[in-house]
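# Examination of the molecular architecture
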Amino acid sequence: MDTIKNAGNFVSDKLQGKSHEASKEANKETAKSSEAGVGTRLQAAGDAVSDKAKQHGHESSAEAHKQAATH
């Protein structure tokens, strides 16, 4: 039963990591945009940093769940 739970958590973390990666890339583009206002660009840059941290957290968690499911 733990193997199934860990496998499910692995998939969930992988998906959440990919979601944060996509959000990070979108925020990076907004931060680089000369058409966006300064406040918007600063907010997007901060959000990109936050998304990157969350992405790494989910990737690490996914790897831990993967290891637990295979052992």
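Since the model is a prediction, treat every value here as computed from it, not as a measurement.

### Some words on the packing of helix α1 (residues 2-32) against helix α2 (residues 38-70)
Look at α1 against α2: their axes get within 7 Å of each other, and the N-to-C directions meet at 160°. By the angle class used here, α1 and α2 are roughly antiparallel. Like other packed secondary-structure pairs, α1 and α2 cross with a definite hand, here left-handed.

### Focus on α2
The periodicity of an α-helix, 3.6 residues per turn, causes residues three or four places apart in sequence to face the same way. Here α2 is 33 residues long and its end C-alpha atoms lie 48 Å apart, about the 48 Å a rise of 1.5 Å per residue gives. Taken together, the buried positions of α2 are occupied by A44, A48, D51, Q55, H58, A62, H65 and A69. Looking at the buried side of α2, the elements it contacts are α1.

The rules behind these values
Residues numbered from 1 in each chain as written. Predicted model: local features only at pLDDT ≥ 70, side-chain atom pairs only at ≥ 80, totals over all residues. Heavy atoms only, no water. Axes fitted to C-alpha atoms, helices over the stretch in contact; angles between N-to-C directions. Helix = DSSP H or I, 4+ residues; strand = E, 2+ residues; numbered from the N terminus. Parallel < 35°, antiparallel > 145°, perpendicular 65-115°, else oblique. Left-handed = near helix turned anticlockwise from the far one by under 90°. Expected span 1.5 Å × (residues − 1). Buried < 20%, exposed > 50% of the residue type's maximum accessible area, 1.4 Å probe, protein only. Contact = heavy atoms within 4.5 Å.

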